[in-house]
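Here's the letter readout for the chains.
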Amino acid sequence: MTVPSSIRSMIQQSSGVVLILGALSSAFFAERFLDLERPSQARAEALAYLPKGEYLRLASLGYRQIVADIIWLQAVQHLGLRRDTNQGYRWTYHAVDVLTDLDPKFVAAYQSAGTILGVWAGRNEESVAILEKGMRNNPEVWQLPFLIGYNYFYEQCNPSASAHYLQIAAVLPGAPEYLSKLASRMTVEAGDPQAAVEFLERFLRQTRDERLREVLTDRMKYVLQERNLRVLERAVQGYSATYHKVPSKLEDMVTARIIDEIPLDPFGGEYFVDTKGEVQSTSRRDRLRLHQHVSCQWRSKPSDVAIQ
Amino acid sequence: MDAITIEGLTKSYGADWPWRSPIIALSDLSLSVKQGEIYGFLGPNGAGKTTTLKILLGLMRATSGSAYVLGKPAGDVRSREKVGFLPESPYFYDYLTAEEFLGFYGQLAQLDRSNISRRVTELLELVGLSGARTRQLRKFSKGMLQRVGLAQALIHDPELIILDEPMSGLDPIGRKQVRDLILGLRERGKTVFFSSHIISDVEVMCDRVGIVVHGRLLANGRIDELVTHQGAQSVEIVCRDVAIADLPLISARATRVLQQGRQCLIVVASEGMIEEALSEVRKQGGKVVSITPHRGSLEDIFLRQASGAEPNPHIQSRVA
Amino acid sequence: MQAIAVIALNTFRENLRDKILYNLVFFAVLLIGLSVLLADLTIMEHHRMIKDLGLAAINLVGVIIAIFVGIGLVNKEIERRTVYTIMARPISRTTFILGKYCGLGLTLLINVLVMLSVFLAILGLYGVPITWTLFQAVQLVFVEMLLITALALLFSTFSSSTLSAIFTLAFYVIGHLIGDLKGLMENSQTVVLRRAVAGLYYLCPNLEMLNIKGQAAIGVAVPVTYQTLASAYGLSYAVASIVLACMVFQRRDF
């Protein structure tokens, strides 16, 4: 029996189509499995093995910005995942160092990496180092020294270093006027929570990144709470001095005209005074009093903040 | 003034590097082509015909010797002003249409616009391609390419037309067309210099021919003289009413004998043996049907020349 | 002069019919597609990347055309024997070379202009501020293309397409490396090596001189003096290559 040639050619064609589809789908599934083999953490870690910037610079043949952009695009994907541990950001400094070797003018990369390394990852030396590199290459951008100033103030408990950088930022074109004032307050009233609140407010005002705003807002609440607690404690001391006893409740101090009112807790809790005269908040059981400076209260447990 | 004068032309390749022994493509070639004649340049493939043409057109430089085209030294830009050229198995810009193609060469010849469109129409008519005017050359058959190439060579109405194997690859009708075209050019007083390795093409139209083998000019003159002189290569005798078996004498000396029914075919090697064969056939009462002397084609001559170490001294003497 | 124009226009026509300008579609799709894909980024990064991408794509597409069309410019004519009937005309070889070069130059010019318009249109679409520096960068990119074309033309007069491609690519790569290489070598202890690199530095065109894409993308202009000098630098190399190409071609047998 002979098959008509038209049917034969149809069979040939359709078997070709089947073959193509088969090959494509096996490639697709292979890729899925390969993806599973390499979790995103591993892919992010791969950025740590980028060749040094000076070599990559040679290899990119005048297309340095594009190579820098590509590295940044990869880095941004992983940065966006907000890994909670310090170790999760091991690769970040190297990747950003390489890409800013390729394109030293990539201000956005310095800014984001500097912020994330400091605020989320607690890798403060790296944060400051990458921002300082940015400053060297872009001395006209005030945001870079501003971010270093922030890092020194909040993450490293070093208001004088912070003030130094804020002063650098203050004289650069486009810098907000309050920076110089802020800088001088850093030096004079290093432990003043009011200064810290202002700093945070300013920072918050010029930040558009939602995730970062969230962290900063949170942080501001801590500072406000701490400020309130200090105000109340000072009041308790005043009350004790006058009445020779600890107030049984905070409202007693309002009645005694030592304070006008009891401030609201930013976390929605209630303030109360314990028998030893220490003021606490119901929203927060473990008030950290390890440090003199309010700005340093989270230093011992950086992850504590980042996870909030 | 002769249209082409070549004196002592020598071309060797590969001499640029000391460790390579040069290949001699042309050796001491001299000839001249008179104005208004058709000159056929004959030779087997690789004999140096194309090399000679290329030197004349300035596509190549001679190692030594001189060549003049229309009175100007070959290679000089102005020597090519009144020359048309069709290369062997022409390759052209195949993305152009026939019209654009001819127009391009018209512009290169610095014809003005109106002149170009008139000449393009005329020439497409002449080579029978009017219908393919707006077709791209990549869709042309080989014969059409040859013809449009010829039109290209004629676009600026040149004095001297140089054609490299103009008839190769053409069908019999195409050959006749090209032949008529070349003859028509002579009637209008043009000079045609063309190369070929096919004797029949040359025979019918050339005034004179030159034969080149291994880069040497072996003969230069009227074609009938040259070929006749070589004598017949073989003679076929067909006779009737006689059997091969009855012709022992001639069978022994013939190159080939063949019996086909009542007829028999005897092939002998030279004209001198014809009489001998005929007398034996007659003696046996046979009738002679035909005697056909086969002149060797020029290729046969070339092959013989090529295999022989030295050129035929007789022919050599005729060159002078 | 007229013959140069005739050959140039025919070369341009060849490029058109070879559908070389189709690359523009590829360019436009690439640029528009990536711009859309990158729209998730912050505004600042998005603008920057569109500009980086546009300039790099204009550069890359132009250089690819310059190399891969340039290497066939003369060599293809000889291999395909189309050169016979042209050189059998009263045309000097220099005329032929100049005509071929100008033809590809014209193709590149039109290509770059169209790419630039697409680029500017996309910038306009995303509201990216268009700065004068972008034009500066593209102008120097065009000089780079003219230079690469001249080199490709030079190699195509004496070597096959494949070899010409390798040579031209090598010059392109060395041209971008040589500045950094010289910098690295300046501290070298080996005098011979240092001299060799210095020699190479002055022999090869330093293509980084023509690369201001990075600063152009962030809007930092170069002085007009630099622009003029860099253009003159690139064009001088191009002229030298073309003259050398003419000299080589003059001596060639077909």
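Structure report, in brief. Worth saying up front: this structure is predicted, and the values here are computed from it rather than measured. (Residues numbered from 1 in each chain as written. Chains lettered and ligands numbered in written order. Predicted model: local features only at pLDDT ≥ 70, side-chain atom pairs only at ≥ 80, totals over all residues. Heavy atoms only, no water.)

Before going further, it helps to spend a moment on unusual backbone geometry. Glycine aside, residues mostly have negative phi angles, and peptide bonds mostly take the trans form. Residue and element names in this part refer to chain B. At Q110, a position not held by glycine, the phi torsion is positive, near 60 degrees. Here Q110 lies in the loop between α2 (98–108) and α3 (113–126). Unlike most non-glycine residues, D241 shows phi in positive territory, near 60 degrees. With respect to the helices and strands, D241 occurs in the loop between β11 (232–240) and α8 (248–253). (Helix = DSSP H or I, 4+ residues; strand = E, 2+ residues; numbered from the N terminus.)

With that settled, the discussion passes to the interface of chain C and chain A. Opposite the 22 residues of chain C that make contact, chain A presents 19 residues. Between chain C and chain A, a total of about 1,800 Å² is buried, with carbon and sulfur atoms accounting for 64% of that surface. It is C:E45, C:R48 and C:M49 that lose the most area in chain C upon contact with chain A, and together they represent 28% of the buried surface on that side. The interface formed by chain C and chain A includes 4 salt bridges. Residue A:R57 is joined to C:D180 by a salt bridge in which the shortest nitrogen-to-oxygen separation is 4.0 Å. On the surface where chain C and chain A come into contact, there are 8 residue pairs in polar contact (both at pLDDT 80 or more). For the side of chain C that touches chain A, the secondary structure elements donating two or more residues are α3 (43–70), α8 (161–185) and α10 (213–217) of chain C. Per element, the largest residue contribution to the side of chain C that touches chain A is 9 residues, and it comes from α3(C). Looking at the side of chain C that touches chain A, its residues break down into 12 nonpolar, 4 polar and 6 charged. (Contact = heavy atoms within 4.5 Å. Buried area = accessible area lost by both parts, 1.4 Å probe. Salt bridge = Lys/Arg side-chain N within 4 Å of Asp/Glu carboxyl O. Polar contact = N/O pair within 3.5 Å; in protein donor to acceptor, adjacent residues only side chain to side chain. Nonpolar A, V, L, I, M, F, W, Y, C, P; charged D, E, K, R; others polar.)

Turning our attention to the pattern of salt bridges. Applying the stated criterion to the full structure yields 30 salt bridges over all chains. Across the salt bridge formed by B:K11 and C:D253, the nearest N and O atoms sit 2.4 Å from each other. A residue pair is termed interchain when its members come from two chains, as with B:K11 in strand β1 (residues 4–13) and C:D253 in the segment after α11 (224–251). Taking the relative accessible area as the measure of exposure, B:K11 reaches 5% and is therefore buried. By sharing partners, the salt bridges in this structure join C:E14, C:D18, C:K76, C:E77 and C:K100 into a single network. (Buried < 20%, exposed > 50% of the residue type's maximum accessible area, 1.4 Å probe, protein only.)

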